[in-house]
Structure formats: C-alpha cells, structure tokens
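So the chains spell out like this:
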Amino acid sequence: MQRLDGGSAVPSPLRGAIVALGNFDGFHFGHQAVVGRAVERARAEGRPAIVATFDPHPRRFFQPDAPPFRLTTLDQRERLFAAAGAAGMLVFHFDATLARLTARQFAEQLVDTAGAAGVVTGEDFTFGKGREGNVAMLAALGAELGFTAETVAPVTLAGETVSSSRIRALLQAGDPHGAAMLLTRPFAIAAEVEGGAKLGRQLGYPTANMRLGKYLRPRYGIYAVRGRLPDGRMLNGVANLGIRPSFDPPIELLESFFFDFSGDLYGQTVEVELIDYLRPEAKFDSLEALTAQMDQDAARARTLLSLRP
C-alpha cells in the first residue's frame, strides 16, 4: 500500500486507477461497500484500486472549534484500506486552497493527479466549493473528462443506515459493542504510551497511559479492552477512559491495564480496542475502596472478554 499526496501526480503504475472517493472516517460497513466495489471493478478491468480520502476532515476545516470527532487516524485508515485490497491511499489535504476549488476543478485535479479511469462514491457524496457538486454532476464531469462514475447505495443494519454519526452516538452513549457491529470491528484508539505518575503501579495495576488526541470522546468510564502491541500481540485488559476523578489534578487519559503482561511500553504506539462498557467513572473515598473496585472491574472484564471472539 502506497500513501500518496493528493497534490502530486501518482506514480505511473497506479495511474488509470479505479478510485473510491470519500472521507471514509471509521471505514464502516457503508464505506467498505464503496471501497469493495472499487476494488472489484479494478480487478475485473486489470487496474489498480486507490482510496482517496481527506485530511484533515472537511468538518474540522469549516468548524475548527468543533469537539474532537475522529474515529480513525490516517495510519489506521491506511491499514484498513490495504486489507480491503487497495493498492494506494490518496490523501487530499483539506485546506483553504482545496475548499475554493469548484466541482469541475476538483474533478480535473482527480484526473490530473490519479489519471482516474473510474470513480466510485456513496450516493450522498458532495464535492466542490459550497458542496455544489453531487453524484449526478460527477457523472457528467466524468463523461467529459474521461472517467466513469458509479455510486453505491447506503448499507442498512437493523433498519437504519450505517453512518459515522450513528457510530459516534453509540460510542458517546457507552455502547462500544453496538458501534463495533456497524464498524465490523471494535472502535480502537492508537497512540503513544506516555509516562505518568505511576499511581496505578502503586495500586497493583500498572497502566499504559495514552492521550486521546483528535479522537471522538466515547462515554467516560471503565471498559473491557484489547490492546495490540507493536509486535502484533493482542492482550486482554481493563481501562479507565476519562479524567480519573479520584486523583488531582484531573487529566484526560486512556489508562489500560493489560492482564498477564509485564514490560515497558513507554514511547511505543499501542492500539486499544474498546470491547465492553463496564461502568461510569466514580470518585472513591480511599485507595482501599478504589483498589477493591478495580479488582471487581478486572474480574468482570476477564469474564466478558472470554465471551467475545
């Protein structure tokens, strides 16, 4: 998988690609259908498949003060796109210059950059200054500029359309299992493990502490989790996501304790999957009471994780 700059021409082996075009934040069921169709067409026509995405998310550009909302980092999307069969990820840097492009100018850039032979989008895809372009305009521009345009219908689950906004709502409600059904995998936070005050170590629960960065804030609380280490190992564990109300000053962190693990993770990037929500954060009057609750949380997390594939 090659990561490509949307402002530069892609290498010749990847030109003439079938391009799946969209934000694809979260890469959920619906996004997978779009990329899957692009990969299917590319294989049938003997062409490469490229996934074109935007970074930062256009919403961040137009609403810079909006709370964090991302479901995936670029690195996570790159791995997911590669697993779906794409040969490249084309990243359009969403800035004032890109925002000023008309629909025609953006379509022309897509041809100039990737030499796109075909473009696949969702039915609700819009593009160009003021979101003037829609899928009908994309098809018309494609006929003029030399590429085909195809749309993929929304995917529904339990009678509702699968969407990133629906996934965010489930995570904020403390339903990571529901979110995972729409994502087809658990929601995961990947970040570098930082040094801390070693309070968990004093309590017998040494934790890997991670900042949430630009990720959406799921409901604060205690979670059963799985962690993927840089060497590929998967570890079960329990984590506190929130501000640690029993300690001052309050610091927003994801603090994960991995069962049956001893080692130094400082400075390494770990990906933590939220599997089940156990309870809200709480403030305890003593360290003894906190430790007793942590013992209960760890035991419950072990049980729940043993039931999850």
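Shown above is the structure to which this text applies.
So, here's what we can say about the structure. (Residues numbered from 1 in each chain as written. Predicted model: local features only at pLDDT ≥ 70, side-chain atom pairs only at ≥ 80, totals over all residues. Heavy atoms only, no water.)

## Points about the packing of helix 7 (residues 164–172) against helix 8 (residues 176–183)
Then, number 1: The interhelical angle for the contact between helix 7 and helix 8, taken along N-to-C directions, is 160 degrees, at an axis separation of 7 Å. Overall, the two elements helix 7 and helix 8 adopt an arrangement that is roughly antiparallel. Judged by the twist between their axes, the crossing of helix 7 over helix 8 is left-handed. When helix 7 is examined against helix 8, the residues Arg166, Ile167, Leu170 and Leu171 are found in contact with a partner set consisting of Pro176, Gly178, Ala179, Leu182 and Leu183.
Then, number 2: Looking at side-chain class alone, the contact of helix 7 with helix 8 contains seven nonpolar, one polar and one charged residues. (Axes fitted to C-alpha atoms, helices over the stretch in contact; angles between N-to-C directions. Helix = DSSP H or I, 4+ residues; strand = E, 2+ residues; numbered from the N terminus. Parallel < 35°, antiparallel > 145°, perpendicular 65-115°, else oblique. Left-handed = near helix turned anticlockwise from the far one by under 90°. Contact = heavy atoms within 4.5 Å. Nonpolar A, V, L, I, M, F, W, Y, C, P; charged D, E, K, R; others polar.)

## Overview of the packing of aromatic side chains
Each aromatic ring pair is described using two quantities: the centre-to-centre distance and the angle formed by the ring planes.
Then, number 1: Applying the stated criterion across every chain, the model contains 14 aromatic pairs.
Then, number 2: Here Phe125 and Phe127 contribute two aromatic rings whose centre-to-centre distance is 5.7 Å and whose plane-to-plane angle is 15 degrees, an arrangement assigned as stacked. Across the pair, Phe127 and Phe125 agree in class, each one buried.
Then, number 3: Between Phe257 and Phe259, the aromatic rings sit 6.0 Å apart at their centres with planes inclined by 70 degrees, giving edge-to-face as the arrangement. For the residue pair Phe257 and Phe259, the accessibility class agrees, reading buried in each case.
Then, number 4: Through a chain of ring-to-ring contacts, three or more aromatic side chains come together here, namely Phe54, Phe61, Phe62, Phe92, Phe94, Phe106, Phe125 and Phe127.
Then, number 5: When the ring centre of Phe69 is taken as reference, the NZ or CZ atom of Arg59 above it lies at 4.3 Å.
Then, number 6: When the ring centre of Phe259 is taken as origin, the NZ or CZ atom of Arg302, which lies over that ring, is 4.1 Å away. (Phe/Tyr/Trp six-rings, centres within 6.5 Å; stacked < 30°, edge-to-face > 60°. Buried < 20%, exposed > 50% of the residue type's maximum accessible area, 1.4 Å probe, protein only. Lys NZ or Arg CZ within 6 Å of the ring centre and 35° of its normal.)

## Remarks on the nonpolar core
Then, number 1: If you look at the biggest cluster of nonpolar residues, it comprises 30 residues, and the most contacted ones within it are Phe187, Ile189, Met210, Leu254, Phe258 and Val270.
Then, number 2: Elements represented by at least two residues in this core include exactly helix 7, helix 8, strand 9 (188–192), strand 10 (208–210), strand 11 (221–228), strand 12 (234–242), strand 13 (253–258) and strand 14 (269–279).
Then, number 3: If one sorts the elements of this core by residue count, strand 14 sits on top with four residues.
Then, number 4: Those residues in contact with Met210 that lie beyond four places of it in its chain are Ile189, Ala190, Ala191, Glu192, Val193, Leu253, Leu254, Val270 and Val272. (Core = buried A, V, L, I, M, F, W, Y, C linked by side-chain atoms within 4.5 Å.)

## Details of the sheet that holds strand 13
What holds strands together in a sheet is hydrogen bonding between their backbones, with the strands either parallel or antiparallel.
Then, number 1: Pairing within the open sheet is antiparallel, and its six strands lie in the order 9-14-11-12-13-10. Of all strands in the sheet, those with a lone pairing partner are strand 9 and strand 10, marking the two edges. The average angle at which neighbouring strand axes cross in this sheet is 35 degrees, direction not considered.
Then, number 2: Direction of pairing for strand 10 relative to strand 13: antiparallel, over a ladder of three bridges. Note that in strand 13 the partner of Met210 across the bridge is Leu254.
Then, number 3: Along the sheet face, helix 8 touches strand 11 and strand 14 and points at about 125 degrees away from the line of strand 14. (Pairing = 2+ DSSP bridges.)

## With respect to the sheet that holds strand 2 (residues 18–21)
Then, number 1: The six strands are arranged 1-4-3-2-5-6 in an open sheet whose pairing can be described as parallel. Taken across any chain shown, the strands that pair with only one partner, and hence form the sheet edges, are strand 1 (2–5) and strand 6 (148–152). Between one strand axis and the next, the sheet turns by 25 degrees as a mean value, whatever way the strands run.
Then, number 2: With six bridges joining them, strand 3 (residues 49–55) and strand 4 (residues 88–93) adopt parallel strand pairing. Each residue of the ladder has a partner; that of Asp55, found in strand 4, is His93.
Then, number 3: Those strands touched by helix 3 (residues 74–83) are strand 1, strand 3 and strand 4, and its axis lies near 165 degrees from that of strand 3.
Then, number 4: Its contacts with the sheet place helix 6 (residues 135–145) against strand 5 (118–122) and strand 6, and it is angled at close to 180 degrees to strand 5.

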